[in-house]
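# Notes for the structure review
Residue strings, one per chain:
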Amino acid sequence: MAAPHLAATLPPVDALRTWMEHFIDFMAAKSGMADALRVVLTDDSERLQTRTLLAEAIDHLLSSGEGRSAARPEVDAQDVLMALGGISLMAADEDQRELATRLIDLLLRGVVGS
């Protein structure tokens, strides 16, 4: 689901969580995506465009409306992307999906401060 749609239809934290869950599920569903994600997160020549698009989606969700910000002011979309990428890499195995959910919960507590 696209970040603008989620931001328009869900409360900010729910929109961010839903996007994160979909990101993890997408990565798990695509065989070989872990290697592609490593490139996006680490390879200077390949990462910039994709990483920018993903960070823009996260940034949109973090600041999804005046007075409705989901995140603490110091939270950076690039940092959230890197953390989410790490979660995705750790949970690439289907047996680790519960771990991904727990780590998303932990990440969200840091992002929203609750």
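Here we summarise the structure given alongside this text. (Residues numbered from 1 in each chain as written. Predicted model: local features only at pLDDT ≥ 70, side-chain atom pairs only at ≥ 80, totals over all residues. Heavy atoms only, no water.)

Let us look at the nonpolar core. In this structure, Trp 19, Met 20, Leu 61, Leu 62, Val 80 and Val 111 are the most contacted members of the largest nonpolar core, which totals 29 residues. For this core, the elements supplying multiple residues, two or more each, are α1 (3-9), α2 (12-29), α4 (44-62), α5 (77-90) and α6 (97-112). The biggest single contributor to this core is α2, with seven residues. Setting aside residues no more than four positions away along its own chain, Met 20 makes contact with Val 80, Leu 84, Ile 104, Leu 107 and Leu 108. (Core = buried A, V, L, I, M, F, W, Y, C linked by side-chain atoms within 4.5 Å. Buried < 20%, exposed > 50% of the residue type's maximum accessible area, 1.4 Å probe, protein only. Helix = DSSP H or I, 4+ residues; strand = E, 2+ residues; numbered from the N terminus. Contact = heavy atoms within 4.5 Å.)

Moving on, we get to a negative patch on the surface. Together, Glu 56, Asp 59, Asp 76 and Asp 79 give the surface a local cluster of negative charge. Mapped onto the secondary structure, Asp 79 falls in helix α5. (Patch = residues over 30% accessible without salt bridge, like charges linked within 9 Å, V, L, I, M, F, W, Y side chains within 5 Å. Areas by Shrake-Rupley, 256 points an atom, 1.4 Å probe, with all protein chains shown as cover. Salt bridge = Lys/Arg side-chain N within 4 Å of Asp/Glu carboxyl O. Lys, Arg positive; Asp, Glu negative; His and termini not counted. Charge placed at Lys NZ, Arg CZ, Asp CG, Glu CD.)

Moving on, we get to the pattern of salt bridges. Tallying each qualifying case throughout the model produces four salt bridges. Here Asp 25 makes a salt bridge to Arg 97, at a shortest N to O gap of 2.7 Å. On the criterion of sequence distance, the pair formed by Asp 25 in helix α2 and Arg 97 in helix α6 is long-range, its members being 72 residues apart. For Arg 97, a relative accessible area of 22% corresponds to the partly exposed category. The shortest N-O distance in the salt bridge between Arg 72 and Glu 74 comes to 2.6 Å. With relative accessibility at 33%, the residue Arg 72 sits in the partly exposed group. Overall, the relative accessible area of 53% leaves Glu 74 in the exposed class. In this structure, a network of salt bridges that share partners links the residues Glu 21, Asp 25 and Arg 97.

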